[in-house]
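Results of the structural survey
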Amino acid sequence: MSDAIIRFEDVTKRFGPLTVLDKFSFHVKPGEKVTLIGPSGSGKSTVLRILMTLEPFQEGTLQLDGVSYHQPAGRGPLKASEVHLRSLRRNVGMVFQSFNLFPHMTVLRNLTEAPVAVLGMKRDEAETRGIELLRMVGLSEKKDHFPSQLSGGQQQRVAIARALAMRPRVLLFDEPTSALDPQLVGEVLAVIRNLAHEHDLTMLLVTHEMRFAREVSDRVCFFDKGRIAEEGEPEHIFTAPREVRTREFLQSVLAG
Amino acid sequence: MNWTHYLMPLLRGAEVTAAIAVASTALGAAFAFAAGIARVAGGPVLSVVAQVYIEIFRGTSLLVQLFWLYYALPLVGISFGPVVTGIAGLALNIGAYGAEVVRGALKSVPDAQHEAARALNFSRGYTLLHVALPQAVVEMMPAFGNLAVQNLKDTALVSLISISDLTFRAQQLRNLTLDSMRIYFLTLLGYFAMALVVSAFMRWLEKKLRRGAAFPRGAHG
Amino acid sequence: MMYGFAWDTSSPLAFAVSILPILGIGLIVTLEAAAAGFAIALVLGLLLALLRRSRFKAISWPTAIVIEFIRDTPLLVQLFFLYYGLPIFGIVLPAFLTGALALGMQYSAYTSEVYRGGIDAVPRGQWEAAIALNLGRARLYRDIIVPQAIPRIVPAMGNYLVSMLKETPVLSVVTVVDMLNLANLIGDRTFEYLVPLSLVGLIFLILTMICSAGIHWLERVLPKNGIALR
């Protein structure tokens, strides 16, 4: 798998005495759509948070598009410089469970702030593109509203547009519908479903929406105790899982 | 002498009090932001410097600080006039209290906001200035309002380093007339009125900022 | 020379050491003033808090205005008001007591709010539960409300004690011979203010650090759920 864009090799991540990822190895090809499922606390979200450089890890190596999370000088990923981390982040975007929009900025400003401040884009250009992205998520008429004036589903759609405005090659979704009322889940999933058709975009999705996972993923990974216990095409995982734990998990989720 | 004879001198003193209060509050706010930000995001050296400043000025008495600046500092060759000394002393003192407010408000900005900023690849400085501070400032306002009133009251102490503020004028009048009750009651009323104005202004500012955070006009321009 | 103490001005350190005993005398006055002022503030503040909570608007409203007035005006002017004003009514107190009274009055405005805040912070449900159990008014306060308010009230009061301690030097203005007054006297005699004033600052710094540590300790040991009286 030399063409992988994401390469975790024997990554171990501990929170104090708790081992969240245990010699975790995981490769993702460019453009691949991978869903991570599993019980809470099994380490799925940690994978995304490490990729987004929100968490350091203790052992192993991680590469994004051939660039190591360790700094070349040999300092570990725990101590990588801000410059190095910022160069890594250029390729990654993230959609959070609780949206994390900036409450003091308008919807459009939420979308234009980073392209202008980080990518050095002209404000007009960023706004044109921002409006385009808002149209894509069906919210162009809300551009001058503030996040607090939107429903949860609308906020999450804005958050997706905000992440896309930075043109990431890898987009991470950390339980994007878990904080939403059930009737608002659909509109957000619809936006993600459209994105899944983007050929170039690599997507990692942590979700409890099993039917949706089955529909959009190229590959589904079942997490258990800091490792991938089973992975494969959605058809295989959802209809004929080999592992007992996978079966039990799916039964519990689908029953609930 | 009757009430009206006291008014003019007291009003002239009140003018000085108001000017000193405004100047020292503004300067104090600058100190508060500088030290508060240094505490939260200043790196090891700046953070310790800020902490020492905060501890010293919060841990000692304002009057001692004023006397120290006014009487002791000139002995090592550093001397300003009473007005500059008074304003600087008040500002350093209230700024140290304000710094703790700034620090608390900055720390109360949710981690999620910092994570979102990181996911968008904002630099640390940009995150502080454009993500954390605008949200934190709103939270600082009630405490800043109390500190502004506190600082107004504290200005009375500059009368003791020979600035002719409201309290100084009251003392002069009393020594002249010995009509203590009326003079000091008028003086207290004067401070009370100014404190009400300060409180009202700070509440107005807070409301404006709060509305600004929720619905600013022309937020992207 | 003052009060029989000799000062050695040969070096700053020697000077500091030689004036330490006399500043110690001032420190005791400072501490006494803070203690007396705080005692007054605790009692007067409770009285104001109770009046403020009165069901009769004719009582609660004027009380609110008085509290606001005291809180929004400078201690120094209040001190002058009492120091020069009380004798007019035939009340002649030693400067120390007038000072303690001024401190106590100013801080009663703060402590009344602490009492009120502490009591108001007890959840509504606790009051309702007590009513449902048909507890009398005295029992309601003694057994239910006050015990739960204490963990909030005590640390806040501690913080005001520290603030008051730092304001005691103001009393030197009306001839109370506290640390600052003595430091100024020493300065006037020797034309050397830097060492005495710095020393006073240092002593205050140490005092407030000790007090803050004490308050943190109190916050830690006071049970969050309240303290049953008796």
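Residues numbered from 1 in each chain as written. Chains lettered and ligands numbered in written order. Predicted model: local features only at pLDDT ≥ 70, side-chain atom pairs only at ≥ 80, totals over all residues. Heavy atoms only, no water.

Let's talk about the overall build of chain B
Looking only at helices and strands, one finds eight helices and zero strands in chain B. For chain B, the N- to C-terminal ordering of α and β elements is α-α-α-α-α-α-α-α. For chain B, the spread of C-alpha atoms along the principal axes amounts to about 70 × 45 × 25 Å. Classification of the 221 residues of chain B by burial places 50% in the buried group. (Helix = DSSP H or I, 4+ residues; strand = E, 2+ residues; numbered from the N terminus. Buried < 20%, exposed > 50% of the residue type's maximum accessible area, 1.4 Å probe, protein only.)

A closer look at the overall build of chain A
Helix and strand content of chain A: nine helices and ten strands. The C-alpha atoms of chain A give 18 Å as radius of gyration, which agrees with the globular expectation for 256 residues (18 Å, within 12%). Expressed as lengths along the three principal axes of its C-alpha atoms, the size of chain A is roughly 50 × 50 × 35 Å. The buried share of chain A, reckoned over its 256 residues, is 55%. Looking at chain A alone, contacts between residues at least 24 apart form 63% of all its contacts between residues at least 6 apart. Working note: accessible area of chain A is about 11000 Å², and carbon and sulfur atoms make up 48% of it. In chain A, 33 positive and 32 negative side-chain charges are present, and the distance between their average locations comes to 4 Å. (Rg over C-alpha atoms; globule rule 2.2 N^0.38 Å. Contact = heavy atoms within 4.5 Å. Areas by Shrake-Rupley, 256 points an atom, 1.4 Å probe, with all protein chains shown as cover. Lys, Arg positive; Asp, Glu negative; His and termini not counted. Charge placed at Lys NZ, Arg CZ, Asp CG, Glu CD.)

As for the interface of chain C and chain B
Each side of the interface is counted separately: chain C has 36 residues, and chain B has 36 residues. Taken together, both faces of the contact between chain C and chain B bury some 3200 Å²; the carbon and sulfur share is 78%. Its largest share of buried area at the contact with chain B, chain C owes to Phe69(C), Asp72(C) and Phe81(C), together 19% of the area lost on that side. The interface formed by chain C and chain B includes zero salt bridges. Linking chain C to chain B there are eight residue pairs in polar contact (both at pLDDT 80 or more). Those elements that place two or more of their residues in the side of chain C that touches chain B are α2 (57-71), α3 (75-85), α4 (95-120), α7 (179-190) and α8 (194-221) of chain C. When residues in the side of chain C that touches chain B are grouped by element, the largest group, nine residues, is from α8(C). Partitioning the side of chain C that touches chain B into residue classes produces 22 nonpolar, nine polar and five charged. (Buried area = accessible area lost by both parts, 1.4 Å probe. Salt bridge = Lys/Arg side-chain N within 4 Å of Asp/Glu carboxyl O. Polar contact = N/O pair within 3.5 Å; in protein donor to acceptor, adjacent residues only side chain to side chain. Nonpolar A, V, L, I, M, F, W, Y, C, P; charged D, E, K, R; others polar.)

Some points on a positive patch on the surface
A surface patch of positive charge is lined by Arg203(B), Lys207(B), Lys208(B) and Arg211(B). Positionally, Arg211(B) belongs in helix α8 (residues 180-214). (Patch = residues over 30% accessible without salt bridge, like charges linked within 9 Å, V, L, I, M, F, W, Y side chains within 5 Å.)

Some remarks on empty space enclosed by the protein
Counted under the stated rule, the structure contains two cavities of 30 Å³ or more. In this model, the largest cavity occupies a volume close to 70 Å³. Forming the boundary of the largest cavity are Arg89(A), Arg90(A), Val92(A), Gly93(A), Leu119(A), Ala163(A), Met166(A), Pro168(A), Ala119(B), Leu120(B) and Asn121(B). Grouping the constituent residues of the lining of the largest cavity by class yields seven nonpolar, two polar and two charged. The computed volume of the second largest cavity comes to approximately 50 Å³. Considering the residues around the second largest cavity, the lining is formed by Met94(A), Val95(A), Phe96(A), Phe99(A), Ala159(A), Arg162(A), Ala163(A), Ala116(B), Ala119(B) and Leu120(B). Listing elements by their share of the lining of the second largest cavity, those giving two or more residues are β6 (92-95) and α5 (152-164) of chain A together with α5 (111-119) of chain B. Per-element accounting of the lining of the second largest cavity gives the leading share, three residues, to α5(A). Taken together, the residues of the lining of the second largest cavity break down into nine nonpolar, no polar and one charged. (1 Å grid on protein atoms, 1.4 Å probe; cavity = no way out; pocket = protein on both sides within 12 Å on 5 of 7 lines; lining within 4 Å. Points joined across faces, edges and corners; volume = space filled by probe spheres on them.)

Quick word on the nonpolar core
Ile19(C) and Leu23(C) are the most contacted members of the largest nonpolar core, which has 88 residues in total. The element that contributes the greatest number of residues to this core is helix α1 (residues 12-52) of chain C, accounting for eleven residues. For Ile19(C), the contacting residues outside a window of four places in its chain are Trp7(C), Ile186(C), Val195(C), Pro196(C) and Leu199(C). By size, the runner-up hydrophobic cluster in this structure holds 43 residues, among which are Val47(A), Met105(A), Ala116(B) and Phe122(B). (Core = buried A, V, L, I, M, F, W, Y, C linked by side-chain atoms within 4.5 Å.)

Details of the pairing of strand β8 (residues 202-206) of chain A
Residues and elements named next belong to chain A. Of all five residues in β8, five are buried; the element is thus mostly enclosed. Neither face of β8 is exposed, since Thr202, Leu204 and Val206 on one face and Met203 and Leu205 on the opposite face are all buried. The pairing of strand β7 (residues 170-174) with β8 spans five bridges and is classified as parallel. Paired with Asp174 across the bridge in β8 is Val206. Note on the crossover from β7 through helix α6 (residues 182-196) to β8: the handedness is right-handed. (Pairing = 2+ DSSP bridges. Right-handed = clockwise from strand over helix to strand, strands pointing away.)

Overview of the interface of chain B and chain A
The partner chain A presents 31 residues to the 24 residues of chain B that form the contact. For the pair chain B and chain A, the summed buried area comes to about 2500 Å², and 57% of that belongs to carbon and sulfur atoms. The interface formed by chain B and chain A includes two salt bridges. Residue Arg124(B) is joined to Glu82(A) by a salt bridge in which the shortest nitrogen-to-oxygen separation is 3.0 Å. Where chain B touches chain A, the interface holds eight residue pairs in polar contact (both at pLDDT 80 or more).

Some details on the pattern of salt bridges
Throughout the structure, instances matching the rule amount to 28 salt bridges over all chains. Its salt-bridge partner being Glu113(A), residue Arg109(A) comes within 2.5 Å of it at the nearest N-O pair. Here the residue Arg109(A) and the residue Glu113(A) both occupy positions in helix α3 (residues 107-117), the gap between them amounting to four residues, near one helical turn. Among the ionic pairs, Asp224(A) bridges to Arg245(A), the shortest N-O distance being 2.6 Å. On the criterion of sequence distance, the pair formed by Asp224(A) in strand β9 (residues 219-224) and Arg245(A) in helix α9 (residues 244-255) is long-range, its members being 21 residues apart. According to the relative accessible area criterion, Asp224(A) is buried, its value standing at 11%. For Arg245(A), a relative accessible area of 38% translates into the label partly exposed. Members of the salt-bridge network, linked through shared partners, are Lys13(A), Arg49(A), Glu55(A) and Glu115(B).

Focus on a nonpolar patch on the surface
Residue and element names in this part refer to chain C. A surface patch of nonpolar side chains, amounting to about 520 Å² of accessible area, comprises Ile88, Phe89, Ile91, Leu93, Leu97 and Leu101. Of note, Phe89 is situated in the loop between α3 and α4. Looking at Phe89, the relative accessible area reads 56%, which means it is exposed.

So, unusual backbone geometry
The phi dihedral of Lys225(A) is positive, around 50 degrees, even though this residue is not glycine. Note on placement: Lys225(A) falls in the loop between β9 and β10 (227-232). Assessed through its relative accessible area of 66%, Lys225(A) is described here as exposed. In the Ramachandran plot, Thr175(C) falls in the positive-phi region, its phi being about 70 degrees despite a non-glycine side chain. Its location among the elements puts Thr175(C) in the loop between α6 (137-167) and α7.

Quick word on the packing of α1(C) against α8(C)
Any two packed helices are characterised by the angle at which their axes cross and by the distance between the axes. All names here are of chain C. Orientation of α1 relative to α8, taken along the N-to-C sense of each, is 55 degrees, at an axis distance of 9 Å. By the angle class used here, α1 and α8 are oblique. Seen from above, α1 lies across α8 with right-handed handedness. Facing Pro12, Phe15, Ala16, Ile19, Leu20, Leu23, Leu27, Thr30 and Leu31 of α1, the residues of α8 in contact are Val195, Pro196, Leu199, Val200, Ile203, Phe204 and Leu207. Grouping the constituent residues of the contact of α1 with α8 by class yields 15 nonpolar, one polar and no charged. (Axes fitted to C-alpha atoms, helices over the stretch in contact; angles between N-to-C directions. Parallel < 35°, antiparallel > 145°, perpendicular 65-115°, else oblique. Left-handed = near helix turned anticlockwise from the far one by under 90°.)

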